[in-house]
Amino acid sequence: MRDTMRRAPRIAAATVMAGVLALAAACSGDNGKSSSSSGTGKITLTVDTFGTFGYEDLYKQYEASHPNIKITDRNIPSLDNYLPQLQQHIAAGAGAGDIVAIEEGIAVKFMAQPDKFVDLNNYGAAALKGNFLPWKWQQGLSVDGSKVVGLGTDVGGLAMCYRKDLFQKAGLGSDRDAIGKLWPTWDAFLDTGKKFQAKVPGTKFMDGATNFYNTILMQEAGKGTNQTYFDKSNKLIIDSNPAVKAAYDRTVQLAQANLTAKIQFLTDPWSQALKKDAFATVTCPAWMLGLIKENAGAEKAGKWDITTLPGGGGSWGGSFLAVPTQSKHPKEAADLAKFLTSPQGQIGSFKSKNNLPSSPQALDDPAVKDFKNDYFSGAPVGQIFASGAKSLNPVFLGANNQPVRTAVEADLRAIEQGKLTPDAGWKKVISDAKRVAETG
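Computed from a prediction, not measured in an experiment: that's the story for all the values here.

Caption draft 1: The arrangement of the layout of surface pockets in detail. Its volume calculated, the largest pocket comes out at about 500 Å³. Taken together, 19 residues make up the lining of the largest pocket; nearest its centre are Val108, Gln138, Gln139, Lys232 and Phe396. When residues in the lining of the largest pocket are grouped by element, the largest group, four residues, is from helix H4 (residues 104-111). Partitioning the lining of the largest pocket into residue classes produces eleven nonpolar, six polar and two charged.

Here is the structure:
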């Protein structure tokens, strides 16, 4: 996933950028199709991404070895801004990139529309099955399993990022192993937060409720039903799935203890808060590391570290690359997608932004296993994230997962801000989820 996440998010500008891209597509002379051939005879391939994929150096490598190809990257930092535009372009049959990134939370919706995407089997994808974790490969297939719609990029192994200097200030130590032992459970994590804020009252323990909630939801779902808001028949089960209620109750505990900075993830306030020491911990899927580095800035290098997550591991996030049928250069686009998602491509993305590979070959490569992140105090991120990646349990996310998730997160922020009581909030979560699930 990502989800900067280039790429230091300027969220306020994202909606404007979306409008600019849509206008450009609408006004183009080729009915909105994004690829083109320049006057030099080069083929231009447009890649639509959200968040941080770490492809900048890979693009340069590919262009150097393919002198007939020019790559244009269209990145929108926020998934919430990226998704509506992607859906609009796919539905309209115009305006999408030659390659589009599809986040796991919206994958089911697009895998059910294989006619809108190139079958990558036609360009040799079938031979690449062994380059991906089996469940990741399966998630990229059309609903009937006959077509390869998307090739996997990353998976979202989970850990905890923390400000070691602020923990030291709180008298809790700073060593990553010792810090991890402070919170074997989520109850212990909340107790640690109370101790932290008693010693460092000017800094909140966590950024906000929603990252915390999504982490526990994915963790609990991975241990149990492997489902969140929908079952595999796409029936809404939010009011009966114990993973959702467990995540909700934990988040309410966090909010009522006043342990969060009440900041929405991936917004301008979130970016500024990272620079101002407004919070000390963030639940960290692997893709989060690049976001923290780019938003906190160079002055915070060596102040962040990474340790284990309470309650064991889990997975949140991960994406796919697909080629819409509207592309004017499907073969060239498919070749680029194969390169970016190859084991070496995934290693390159990991080195750039620590996006955890979905390729077993990449996970086993010393470049991943032995990698240490200097920004995060030399944390052995390869060991922290890659060691358990092969045993991650995939969690099914229904076709309307993203709009339901957005509605639930809005309700959680209202509880966090004291605008809803926990009981009223739970009822509103259920009613809002039902309403959104019906409308899509």
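Caption draft 2: Local environment of the nonpolar core. If you look at the biggest cluster of nonpolar residues, it comprises 87 residues, and the most contacted ones within it are Tyr229 and Trp304. Contact partners of tryptophan 304, with chain neighbours within four places excluded, come to Cys161, Tyr162, Arg163, Leu274, Phe279, Ala280, Val282, Ile292, Ala296, Tyr375, Phe376 and Ser377. Listed in part, the 46 residues of the second largest apolar core include Leu45, Ile90, Ala96 and Leu141.

Caption draft 3: Region of interest: empty space enclosed by the protein. In this structure, the largest cavity encloses a volume near 100 Å³. Lining the largest cavity are 13 residues, and of these Asn214, Met218, Trp316, Asn401 and Arg405 sit closest to its centre. Contributing elements (two or more residues each) for the lining of the largest cavity: H4, helix H9 (209-223) and helix H18 (401-416). Looking at which element gives the most residues to the lining of the largest cavity, the answer is H9, with three residues. Here the lining of the largest cavity is built from residues that sort into six nonpolar, four polar and three charged. Counted as a void, the second largest cavity has a volume near 60 Å³. Around the second largest cavity, the lining residues are Phe53, Tyr55, Thr153, Asp154, Leu340, Gln346, Ser349, Asn355, Leu356 and Pro357. Counting residues per element, the ones that place at least two in the lining of the second largest cavity are strand S5 (150-163), helix H14 (343-353) and strand S10 (356-357). Tallied by class, the residues present in the lining of the second largest cavity amount to five nonpolar, four polar and one charged.

Calculation notes
Residues numbered from 1 in each chain as written. Predicted model: local features only at pLDDT ≥ 70, side-chain atom pairs only at ≥ 80, totals over all residues. Heavy atoms only, no water. 1 Å grid on protein atoms, 1.4 Å probe; cavity = no way out; pocket = protein on both sides within 12 Å on 5 of 7 lines; lining within 4 Å. Points joined across faces, edges and corners; volume = space filled by probe spheres on them. Helix = DSSP H or I, 4+ residues; strand = E, 2+ residues; numbered from the N terminus. Nonpolar A, V, L, I, M, F, W, Y, C, P; charged D, E, K, R; others polar. Core = buried A, V, L, I, M, F, W, Y, C linked by side-chain atoms within 4.5 Å. Buried < 20%, exposed > 50% of the residue type's maximum accessible area, 1.4 Å probe, protein only. Contact = heavy atoms within 4.5 Å.

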